[in-house]
Amino acid sequence: MERLLICEHLDDKEYCRFHSAVLELITAASREGTILLTLSFSCKYSGYVTLLNRTYRQIQEHDWHEATPLILKESYHCYRQETENYYWILAQMIVSAHALSTYPEEKAGLERLIRDIKNVINE
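In this text, all values refer to a predicted model and were calculated from it rather than measured experimentally. (Residues numbered from 1 in each chain as written. Predicted model: local features only at pLDDT ≥ 70, side-chain atom pairs only at ≥ 80, totals over all residues. Heavy atoms only, no water.)

1. Quick word on the overall build of the protein
The test is simple: Helix numbers and strand numbers start at the N terminus; a helix is a DSSP run of H or I with at least 4 residues, a strand a run of E with at least 2. Each residue's exposure class comes from its accessible area (1.4 Å probe, protein chains only) as a fraction of the maximum for that residue type: buried when under 20%, exposed when over 50%, partly exposed otherwise. Contacts are assigned to residue pairs that have any heavy atoms within 4.5 Å of one another. Residue exposure ignores everything except the shown protein chains as possible cover, and the areas themselves are Shrake-Rupley values with a 1.4 Å probe.
The helix and strand tally for the protein stands at four helices and zero strands. Counting from the amino terminus, helix and strand elements in the protein follow one another as α-α-α-α. For the protein, with 123 residues in total, the buried portion stands at 37%. Contacts in the protein between residues far apart in sequence, at least 24 positions, make up 72% of those at least 6 positions apart. As displayed, the protein has an accessible area near 7600 Å², and 54% of this comes from carbon and sulfur atoms.

2. Regarding helix 3 (residues 70–100)
The periodicity of an α-helix, 3.6 residues per turn, causes residues three or four positions apart to be oriented the same way. Spelled out, the test is: Expected span of a helix, by definition, is 1.5 Å for each gap between consecutive residues, and there is one gap fewer than residues.
Compared with the 45 Å implied by 1.5 Å per residue over 31 residues, the 45 Å span of helix 3 between its first and last C-alpha is a close match. Packing partners of the buried residues in helix 3 comprise helix 1 (12–32), helix 2 (39–61) and helix 4 (104–122).

3. Considering the packing of aromatic side chains
Rule in force here: Each Phe, Tyr or Trp ring (for Trp, its six-membered ring) is paired with any other whose centre lies within 6.5 Å, and the angle between the two planes then decides the class: stacked below 30 degrees, edge-to-face above 60, tilted in between.
In this structure the tally under the stated criterion is four aromatic pairs. Centroid distance phenylalanine 18 to tyrosine 87: 5.3 Å. Interplanar angle 80 degrees. Geometry classified as edge-to-face. Of this pair, phenylalanine 18 sits in helix 1 while tyrosine 87 sits in helix 3; the two residues are 69 residues apart in sequence, bridging distant segments of the chain. Across the pair, tyrosine 87 and phenylalanine 18 agree in class, each one buried. Geometrically, the ring pair formed by phenylalanine 41 and tyrosine 86 is tilted, given 5.4 Å between the ring centres and 55 degrees between the ring planes.

Given below as structure tokens:
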């Protein structure tokens, strides 16, 4: 099931949009109690998504007279990699929680979260 949540094929713009949408979904799911994430994990994923989007916008919005500064490109690549790492952990946590859940309400909430993430991927 984890393979169904893969988003590596997305271009940079779609990738940023995807992670912003997933961040909103897991934040809502955390508030509802569907999934419990540590504050550290949530903050790190949120931080990397924010930095990823900010760096992407900087690269896109500025009228660079020369090539985009290498530091921005390197920063974007690093943020994208860290975002992907945290997302992969998140996807595994969601799938594992779904597989191990014995409570119908919890299982339904996790199924809804998985379906919503798949819908973001397919948009």
